[in-house]
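Single-letter residue listing:
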Amino acid sequence: MTRLTFISLWLLTTLSLVLFWLYQDKPYPPSAPKFETTTNKSKTHNKQSTSSLTQSLERTLIQNRASDLEILRRLSMALTGTIPSVEWIRDYEAWPEDQRVSLTLERIFDDRRSSDYLAERFARAFVGVENGPFLVYRRRRMVDDLSEMIHANRPYDQIVKKLITAKGIWTSKPEVNFLTATIDPNNDKEGPDEIKLAARVSRAFLGIRIDCVQCHDDMFGDRWKQKDFHQMASFFSGAEMSLTGLIESEKTYEYRYKRHPASELVPPQVPFNESLLPAEGSLRERLAEWVTHPENKPFARALVNRVWAMMFNKPLVNPVDSIPVEGPFPEALESLANETIASGFDLRHLITMIANSSRFQITSRTLDQSENPPFPMTRLRPEQVAGSIIQSASLETVDADSHILSRVIRILQQGEFIKRYGDAGEDEFVGTGGTIPQRLTVMNGKLVEERTEENLVMNAATRIGTLAPNDSVAVEMAYLATLTRRPTESETKYFTDRLKGKKKKKRATEMQDLFWSLINSTEFAWNH
């Protein structure tokens, strides 16, 4: 970077911060923003109007409700994988109280970070986290395609049908990667693995671990038999590779059952709700229609349980992919499943219902007098920790509209941090405690050091310390940027005393220490 370029960036940054401080107490924007959706605009508008009314009513009904900023933090963390920026906080507090949740959701749905983040979370259930066989599999292409469909608010049942029935080349038809991800280049068998695909479909789309009986009948008196799993696998027997990519052939599926002398032909059949299986179409087309049929309730329950887990970092039914077919079911699961079916498997509608619920908006503090359970406190996921550290260093939102340099730095820093910190992997909702290496990665790691060190252009700690009109404002902004709340009176006094009279290098060091302390606090590392 040349000296002239650096000076230009410094001047622009300083001017923007001066304007920010001058107008920080004035509502911005002056009126609530109006974001456009990409599809079904009138339908979405009606649902958002309904959700606004629901939220307005629930504000008066929810006892022990979390603070508005706590709810904003939960929404941002669940749907974008990071804390909200100070910019978002200013906008949020300028909006009418009874519209804050609905307007925040509208803003998040319009934000490409959200569809990218949700696509990655769904992809972990659909194809896992491994890169797979490079010659026939491009995980990144599939995730990008999922993101496009989620951003366009494509109904979830259509997304699943597209994956199950995919044909063609995995590079030009990203959905094909759902099938080619199961190809084992070290195996003599050509084409996708029927057994792996049956396991993926049952777990990811139906919330059932029927793959537990692939080797033998259930030993604990459950309803599943070995044949139930392999008859489902038989629907993928025709998926074969050719010069034109993945095709549907007339190949059949054979398997040798336990204690049977030889392999035998396995007919395609579904393990329950047989009457919903259509008679016409290819094997995978028939299976896709059956899986996503509105009357096939396990499909809706599996979606609700997974989205609930994304919102709370904890599913309604645990494990997330092991929901009993015949119940009993939590009341919230069944109610949301019915509403999801009625909405045509609208993901935005489901997220909005959960966000407007008392379960999502209640405090995380345990109160003896309360009849409702508190919001579950869970550790942040690795990418949430990394994303929050990076966002805390910027007063503006680091999103798709940010400068290309900021976005590239974010991707590189987040990837390096997660590699050292450890990825949650495919079983992302398995509750595990934090480790000593993880704590040391945050305390002494490169990311926190780079994002808190003295740097007027890149880091909020230096910018706030330099441009804040007084010490109290500097401390308040630091808390908003990291913990999404204002400091208590005792916290303000402690840190303003430390900042009092400090200038230049000493002041920058105090601000760096303040940010480091807040980022390494327990409050920062937990969803609450």
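**Student:** Any details on the overall build of the chain? Residues and values, ideally.
**Tutor:** Secondary structure summary: the chain contains 25 helices and six strands in total. Counting across all 528 residues of the chain, residues that qualify as buried make up 53%. Residue pairs at least 24 apart in sequence account for 70% of intrachain contacts in the chain once pairs closer than 6 positions are excluded. As displayed, the chain offers around 25000 Å² of accessible surface, 53% of which is attributable to carbon and sulfur atoms.

**Student:** Describe the pairing of strand E1 (residues 239–242), naming the residues involved and giving the relevant values.
**Tutor:** Where E1 meets strand E2 (residues 245–248), four bridges bridge the pair, whose relative direction is antiparallel. By the bridge assignment, Ser242 is partnered in E2 with Gly245.

**Student:** Please provide a residue-by-residue account of helix H7 (residues 139–151), values included.
**Tutor:** Compared with an ideal rise of 1.5 Å per residue, which puts 13 residues at 18 Å, H7 spans 18 Å between its outermost C-alpha atoms and is within 8% of the ideal. Regarding H7, the residues found buried are Arg139, Met142, Val143, Asp145, Leu146, Ser147, Met149, Ile150 and His151.

**Student:** Which residues make up the nonpolar core, and what values go with them?
**Tutor:** Ranked by internal contacts, the top residues of the largest apolar core, which has 134 residues, are Phe126, Tyr156, Phe178, Phe205, Trp290, Val291 and Met311. Top contributing element to this core by residue count: helix H13 (residues 297–312), with ten residues.

**Student:** Talk me through the packing of helix H3 (residues 68–80) against helix H5 (residues 100–110); I want residue IDs and the actual numbers.
**Tutor:** It is at 11 Å that the axes of H3 and H5 come closest, and there the two elements cross at 25°. Judged by the angle between their axes, H3 and H5 are roughly parallel. Here the hand of the crossing between H3 and H5 comes out right-handed. Listed contacts from H5 to Asp68, Ile71, Leu72, Leu75, Ser76, Leu79 and Thr80 of H3 are Arg100, Val101, Thr104, Leu105 and Ile108. Residue classes in the contact of H3 with H5 are distributed as seven nonpolar, three polar and two charged.

**Student:** A description of empty space enclosed by the protein should follow, citing residues and the corresponding values.
**Tutor:** Under the counting rule described, the total for this entry stands at five cavities of 30 Å³ or more. Approximately 90 Å³ is the volume found for the largest cavity. Along its surface, the largest cavity is lined by Gln413, Glu416, Phe417, Arg420, Thr441, Gly445, Lys446, Leu447 and Glu450. Of all elements in the fold, only helix H18 (404–421) and helix H20 (446–452) reach the threshold of two or more residues within the lining of the largest cavity. Among the elements that line the lining of the largest cavity, the one with the most residues is H18, at four residues. Residue composition of the lining of the largest cavity, by class: two nonpolar, three polar and four charged. If you add up the space inside the second largest cavity, you get close to 80 Å³. Only H5, helix H6 (112–127), H7 and helix H15 (347–355) provide two or more residues apiece to the lining of the second largest cavity.

**Student:** Explain the environment of Trp308 residue by residue, including any values.
**Tutor:** One can find Trp308 in helix H13. A C-alpha to C-alpha distance of 9.8 Å links Trp308 and Leu336, two positions 28 residues apart in sequence.

**Student:** Describe a nonpolar patch on the surface, with residues and values.
**Tutor:** A grouping of Ile404, Leu405, Val408 and Leu412 is seen on the molecular surface, where their side chains present a nonpolar patch of about 360 Å² in accessible area. With respect to the helices and strands, the residue Ile404 is situated in helix H18. Classification of Ile404 as partly exposed rests on a relative accessible area of 49%.

**Student:** Describe in detail the pattern of salt bridges, supporting the description with residues and values.
**Tutor:** All told, the structure shown has 32 salt bridges when counted by the stated rule. Residue Glu289 is joined to Lys161 by a salt bridge in which the shortest nitrogen-to-oxygen separation is 3.6 Å. Of this pair, Glu289 sits in helix H12 (residues 283–291) while Lys161 sits in helix H8 (residues 156–164), placing them 128 residues apart in sequence. Under the relative-accessibility criterion, Glu289 is labelled partly exposed at 38%. Salt-bridge contacts for Glu334 lead to Arg301; the nearest nitrogen and oxygen are separated by 2.9 Å. One end of the pair, Glu334, is in helix H14 (residues 331–342); the other, Arg301, is in helix H13, with 33 residues separating them in the sequence. Residue class for Glu334 comes out partly exposed when judged on its relative accessible area of 21%. The network of salt bridges with shared partners includes Glu120, Arg124, Arg139 and Asp423.

**Student:** Could you give an account of the confidence of the model for the chain, with specific residues and numbers?
**Tutor:** Per-residue pLDDT for the chain has a mean of 84; in total, 84% of the residues score no lower than 70. Here helix H1 (residues 3–22) stands out as the least confident element of the chain, with mean pLDDT 41; H8 is the most confident, with 98. Counting contacts from residues 1–60, a segment whose pLDDT is below 50, to residues more than four positions away or on other chains yields 80 contacts.

**Student:** Give a description of the packing of H18 against helix H19 (residues 436–444) that names residues and reports values.
**Tutor:** Taken N-terminus to C-terminus, the directions of H18 and H19 make an angle of 145°; their axes are 9 Å apart at the nearest point. Of the residues in H19, those in contact with Phe417, Arg420 and Tyr421 of H18 are Gln438, Thr441 and Val442. Taken together, the residues of the contact of H18 with H19 break down into three nonpolar, two polar and one charged.

**Student:** Break down the packing of aromatic side chains for me, with residues and values.
**Tutor:** This model, assessed by the stated rule, comprises 15 aromatic pairs. Relative to Phe312, the ring of Trp308 lies with its centre 4.3 Å away and its plane at 15°, an arrangement referred to as stacked. Of this pair, Trp308 and Phe312 both sit in helix H13, four residues apart, roughly one helical turn. You'll find Trp308 and Phe312 in the same group, each marked buried. Site record: aromatic cluster; members linked through ring pairs are Phe122, Phe126, Tyr156, Phe178, Phe205, Phe299 and Phe345. Over the face of the ring belonging to Phe375 we find Arg74, whose NZ or CZ atom lies 3.8 Å from the ring centre. Just above the ring of Trp88 sits the side chain of Arg113; from NZ or CZ to the centre is 5.3 Å.

**Student:** Got a sec to walk through the environment of Met232? Specific residues and values, please.
**Tutor:** Mapping Met232 onto the fold places it in helix H11 (residues 226–233). C-alpha separation for the pair Met232 and Val201, spaced 31 residues apart in sequence, amounts to 9.3 Å. When near neighbours in sequence (up to four residues on either side) are disregarded, Met232 contacts Ala198, Val201, Ser202, Leu206, Gln269, Pro271 and Trp290.

So, how was this worked out
Residues numbered from 1 in each chain as written. Predicted model: local features only at pLDDT ≥ 70, side-chain atom pairs only at ≥ 80, totals over all residues. Heavy atoms only, no water. Helix = DSSP H or I, 4+ residues; strand = E, 2+ residues; numbered from the N terminus. Buried < 20%, exposed > 50% of the residue type's maximum accessible area, 1.4 Å probe, protein only. Contact = heavy atoms within 4.5 Å. Areas by Shrake-Rupley, 256 points an atom, 1.4 Å probe, with all protein chains shown as cover. Pairing = 2+ DSSP bridges. Expected span 1.5 Å × (residues − 1). Core = buried A, V, L, I, M, F, W, Y, C linked by side-chain atoms within 4.5 Å. Axes fitted to C-alpha atoms, helices over the stretch in contact; angles between N-to-C directions. Parallel < 35°, antiparallel > 145°, perpendicular 65-115°, else oblique. Left-handed = near helix turned anticlockwise from the far one by under 90°. Nonpolar A, V, L, I, M, F, W, Y, C, P; charged D, E, K, R; others polar. 1 Å grid on protein atoms, 1.4 Å probe; cavity = no way out; pocket = protein on both sides within 12 Å on 5 of 7 lines; lining within 4 Å. Points joined across faces, edges and corners; volume = space filled by probe spheres on them. Patch = residues over 30% accessible without salt bridge, like charges linked within 9 Å, V, L, I, M, F, W, Y side chains within 5 Å. Salt bridge = Lys/Arg side-chain N within 4 Å of Asp/Glu carboxyl O. pLDDT = per-residue confidence, 0-100. Phe/Tyr/Trp six-rings, centres within 6.5 Å; stacked < 30°, edge-to-face > 60°. Lys NZ or Arg CZ within 6 Å of the ring centre and 35° of its normal.

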